[in-house]
Structure formats: C-alpha cells, structure tokens
Amino acid sequence: GEDVEQSLFLSVREGDSSVINCTYTDSSSTYLYWYKQEPGAGLQLLTYIFSNMDMKQDQRLTVLLNKKDKHLSLRIADTQTGDSAIYFCAESGSGNTGKLIFGQGTTLQVKP
Amino acid sequence: DAGITQSPRYKITETGRQVTLMCHQTWSHSYMFWYRQDLGHGLRLIYYSAAADITDKGEVPDGYVVSRSKTENFPLTLESATRSQTSVYFCASSESGGWGNSPLHFGNGTRLTVT
C-alpha cells in the first residue's frame, strides 16, 4: 500500500541547518514533493523531485532522494524564524491519478 | 484576485445536520480535490474531480458527497454530520493533477466543528 512517514517535530536554532526526513512505500511514485503550511493557511509547494534524480537544489533548499531506501529529505540552510511551519512530504503514487499521498507533517520550530 | 477560495472559514454545526463547504477557483484548473487535515493523520483525500461532471472517491469518502457541475466550483456536502467529521477541510486545484511542476494550489481551509 501507499504510506508516507515523517517525524512530527524538529527544533533548531536560527542560522543552523534543518533536515526533515521522510520515508515512503510506493517505489513507483514518479514525483516526490515538499509542501509548507504556515499557521492558518493552506499548503504551498516548496519543491519537488523527479524519481530518477538523487538531488535537487533550490536556493537554501536541498532535496535528497534515496530510492533504494525510499527515503526523502529536505535540508534548509541558514534556517530563519520565517521558516517555522509544518512541512509535508508527499508522493505521487502509482498511476496518473493526480492523487498525492501526504505524510503527517513535521512541525519545524526555529528558535532565535 | 485570482485564486482558490473556501467558505465558510469557520463552521459549527450539530450532529445530524447537513453542511456544505464551498470551494471556488478562478484558474479554470481541471483537477480539484478535497482533503481533511487531522492531528496524527496529515492530509487525507476525501474526493477529487478530474473535470466537470467527473468525480471519484479518495481515501476517506464515507459520509461525504461532492458535485462538479461547473469547472470552477467543487462543493463538499456532509449529508448528516458526525463528531468524527470535526476537522479542517482543504480544497485544492491543479492544472494537471498535481504532477511535476503543476502543483496543487490550496485554499486556506474551513475549520468545521460538529457538536
């Protein structure tokens, strides 16, 4: 079946790097995503990675994908207080259905 | 402004009542989705629609009804609300089903409390 697991909470100091981890089960997922949810708002796409890539970098964000272990991570460099939010990992699953499978979300707390 | 709008923002209702949550998008996106967000479960898909007049069940459809007579609207109805349907409901739309660089665009959510 399809399932996405994340740790629930991460606390870091401002200026440090944050690493949020995710494991997924569907090896046929074509795309893997990171969404960000700020308080009282919906989710916004942060970045995504195609399943044939190992790494993707976008400014302060680095996504690493280990297909063998079905492990996805999001690294945020120089974490700022504005990065405090809930981060969701999602997989596209098998088939072109448009249905994303989301993890439980990781709450990132950034301390000044 | 163009975007995706959900209404109401907050709703309190009683067990057994019918409730409709509204969702409107101005992009003419083909795909629309309803998710519910609960602590410990993340987001779970209730229903989705690939186009007007085409809808399909997601992971947790029981107790919900949807319709999509127009591309821009995708209302979600709770036919007889139960306490287990207390949740935050998110509507989302996408040009091509959320794949690749066609992301899901989310509304700001409706917080529903069933007493």
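Residues numbered from 1 in each chain as written. Chains lettered and ligands numbered in written order. Predicted model: local features only at pLDDT ≥ 70, side-chain atom pairs only at ≥ 80, totals over all residues. Heavy atoms only, no water.

## Regarding the overall build of chain B
Consideration 1: Scanning chain B from terminus to terminus reveals zero helices and 11 strands.
Consideration 2: Ordered by position in the sequence, the α and β elements of chain B form the string β-β-β-β-β-β-β-β-β-β-β.
Consideration 3: Taking 13 Å as the expected radius of gyration for a compact globule of 115 residues, we find that chain B reaches 13 Å, a close match to that expectation.
Consideration 4: Taken over 115 residues, chain B has a buried fraction of 50%.
Consideration 5: Within chain B, contacts between residues separated by at least 24 positions form 54% of all contacts whose residues are at least 6 apart in sequence.
Consideration 6: Only carbon and sulfur atoms are counted for the fraction: they give 45% of the accessible area of chain B, which is about 5500 Å². (Helix = DSSP H or I, 4+ residues; strand = E, 2+ residues; numbered from the N terminus. Rg over C-alpha atoms; globule rule 2.2 N^0.38 Å. Buried < 20%, exposed > 50% of the residue type's maximum accessible area, 1.4 Å probe, protein only. Contact = heavy atoms within 4.5 Å. Areas by Shrake-Rupley, 256 points an atom, 1.4 Å probe, with all protein chains shown as cover.)

## Concerning the interface of chain B and chain A
Consideration 1: Taken residue by residue, the interface counts 23 residues in chain B and 22 residues in chain A.
Consideration 2: Our count for the contact surface shared by chain B and chain A stands at zero salt bridges.
Consideration 3: Connecting chain B to chain A are four residue pairs in polar contact (both at pLDDT 80 or more).
Consideration 4: Looking at the side of chain B that touches chain A, the elements that each hand over two or more residues are strand S4 (31–38) and strand S5 (42–51) of chain B.
Consideration 5: Split into classes, the residues belonging to the side of chain B that touches chain A amount to 11 nonpolar, 10 polar and two charged. (Salt bridge = Lys/Arg side-chain N within 4 Å of Asp/Glu carboxyl O. Polar contact = N/O pair within 3.5 Å; in protein donor to acceptor, adjacent residues only side chain to side chain. Nonpolar A, V, L, I, M, F, W, Y, C, P; charged D, E, K, R; others polar.)

## Focus on the confidence of the model for chain A
Consideration 1: Per-residue pLDDT for chain A has a mean of 90; in total, 94% of the residues score no lower than 70.
Consideration 2: Between the elements of chain A, mean pLDDT differs from a low of 88, seen in strand S10 (residues 101–102) of chain A, to a high of 97, seen in strand S2 (residues 9–13) of chain A. (pLDDT = per-residue confidence, 0-100.)

## Examining the pairing of S5 of chain B
All names here are of chain B.
Consideration 1: Summarising burial for S5: eight of the 10 residues are buried, a large majority.
Consideration 2: Two elements, S4 and S5, share seven bridges in a ladder whose sense is antiparallel. Residue pairing for S5: Gln37 is matched across the bridge by Leu43.
Consideration 3: If you look at the hairpin formed by S4 and S5, you'll find three residues sitting between the two strands, and Gly40 has a positive phi there, around 85°.
Consideration 4: The pairing of S5 with strand S6 (residues 54–57) spans four bridges and is antiparallel. Paired with Tyr48 across the two strands is Asp56, which belongs to S6.
Consideration 5: As consecutive antiparallel partners, S5 and S6 are separated by two residues, and within that stretch Asp53 has a phi angle of approximately 70°, a positive value. (Pairing = 2+ DSSP bridges.)

## As for the pattern of salt bridges
When the charged atoms of two side chains with opposite charge come close together, those side chains can pair.
Consideration 1: For the coordinates displayed, the defined rule picks out six salt bridges over all chains.
Consideration 2: Here the residues in one salt-bridge network are Arg36, Asp38 and Arg44 of chain B, joined through shared partners.

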